[in-house]
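Summary of the model geometry
These are the residues of each chain, in order.
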Amino acid sequence: MTIKYFVKRFIFDNFLRPSRFSYYDSVINSLATAGYKFYTLEYLNREMINNTFSGIQENNKICVIRHDIDTDPKTATELAKIEAKYGAVSTYYYRLRTADSRQMKIVAGLGHEVGYHYEEIGTCAKKKKLHTKEEIDNHMAYIQSDFLNNLNTFRNISSCPVNTIASHGDWVNADILNIPNKYLIDTSIRNKGKIDLEAYDDNFMQHVSCRISDLGGENIWFPTTLEDALKSDPKFLYILIHPRQWYTRYWDNIKEDTLRLFETIKYKLNI
């Protein structure tokens, strides 16, 4: 880890980055001005199931904004308010540890979709010190049971139906296991959990013509800027947003980074 990376990741990002709320306002305004209609993942998936999506696709420029609430549900709510100002709706995926019932109620009340950002494979790996795909497979019954229980808990906390879900990517999934949390989802789990869509499902993503996220560092966007993306006039634009990239909420950042540090130490020392 270089000094430059440390200063950027742990000092600037946590404490010094200025608010990007005004820029986010301009983002939504520019999308609305460009003629995009905003939809939740739940709504579009239902249209696909009912074989009525083609009509929407032919007659509209589609924009889906998906928020992964890894940290900071309060900032997520502020982003939801900005979207509502322009009549835009989007989908907000909360982890269990960011599932703030009050904030989710506000977001849902603005017309947005609330879904579950699940991470049971990563959680089990850290808890039971699992390091391989074989070990994950041997614990899959436990992991899937944990997922269904957590999904029910999440529905109770959110007071929302939660018909769609999105896999969270934790460090243990990417750096150790090389297995996404989506690996736990099969037909049986979809039926038992009454899940209509996993956000990375191929039958949904195949319709997307341009996908960008806010994980591009100082330039925000990756793999291309929003401005360049709009130049190609994509018919179906998919934008992934993380609240932490738009506002510096010191205490939430410190809590998350501290928890991650302790989880990493315990896992690697097999404590």
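Worth saying up front: this structure is predicted, and the values here are computed from it rather than measured.

Some details on the pairing of strand β3 (residues 91-94)
Burial along β3 is two-sided: the residues Thr-91 and Tyr-93 and Tyr-92 and Tyr-94 are all buried. Of the strand pairs in this sheet, strand β2 (residues 61-69) and β3 are connected by 4 bridges, and their pairing is parallel. Along β3, the bridge assignment pairs Arg-66 with Thr-91. For the segment spanning β2, helix α5 (residues 73-85) and β3, crossover handedness is right-handed. When β3 meets strand β4 (residues 113-118), the two strands line up parallel, connected through 4 bridges. Note that in β4 the partner of Tyr-93 across the bridge is Gly-115. Considered for its hand, the β-α-β crossover made up of β3, helix α6 (residues 101-109) and β4 is right-handed.

Looking at the packing of aromatic side chains
If you walk through the whole model with that rule in mind, you get 12 aromatic pairs. Note on Tyr-23 and Trp-246: the rings are 5.9 Å apart at their centroids and 15° apart in plane angle, and the pair reads as stacked. With a gap of 223 residues between them, Tyr-23 in helix α2 (residues 21-33) and Trp-246 in the loop between β8 (236-241) and α14 (250-268) connect regions that are remote in the sequence. Looking at Tyr-23, the relative accessible area reads 25%, which means it is partly exposed. The buried category is assigned to Trp-246, whose relative accessible area is 0%. Between Tyr-116 and Tyr-118 the ring centres are 6.3 Å apart and the planes differ by 45°, which places this aromatic pair in the tilted class. For Tyr-116, a relative accessible area of 1% gives the class buried. Three or more aromatic residues joined by ring pairs form one cluster here, namely Tyr-23, Tyr-24, Trp-221 and Trp-246. One cation-aromatic arrangement involves Lys-61 over Tyr-36; the distance from NZ or CZ to the ring centre is 4.5 Å. Geometry around Tyr-142 places Lys-128 over its ring, the cationic atom sitting 4.8 Å from the centre.

Cut-off values and rules
- Along each chain, residues carry numbers from 1 onward, in the same order as the chain's sequence is written.
- A pLDDT threshold of at least 70 governs which residues receive local features in this predicted model, and a stricter bar of 80 or more applies before side-chain atom pairs are shown or counted, although totals over entire chains, interfaces and linings include all residues.
- Excluded from the side-chain calculation are hydrogens and water; included are all heavy atoms of the structure.
- Residue burial is assigned from relative accessible area. The probe radius is 1.4 Å, only protein chains are included, and a residue is buried under 20% of its type maximum, exposed over 50%, and partly exposed in between.
- Secondary structure elements are taken from DSSP: a helix is a run of H or I of four residues or more, a strand is a run of E of two residues or more, and numbering for both begins at the N terminus.
- Strands are labelled as partners when DSSP assigns at least two bridges between them.
- The path from the first strand over the helix to the second decides the hand: if it runs clockwise while the strands point away from the viewer, the crossover is right-handed.
- Aromatic rings from Phe, Tyr and Trp, taking only the six-membered ring of Trp, are treated as a pair when their centres fall within 6.5 Å; an angle between ring planes under 30 degrees marks them as stacked, one over 60 as edge-to-face, and anything in between as tilted.
- By the criterion adopted, a ring carries a charge over it if an Arg CZ or a Lys NZ lies within 6 Å of its centre and within 35 degrees of its normal.

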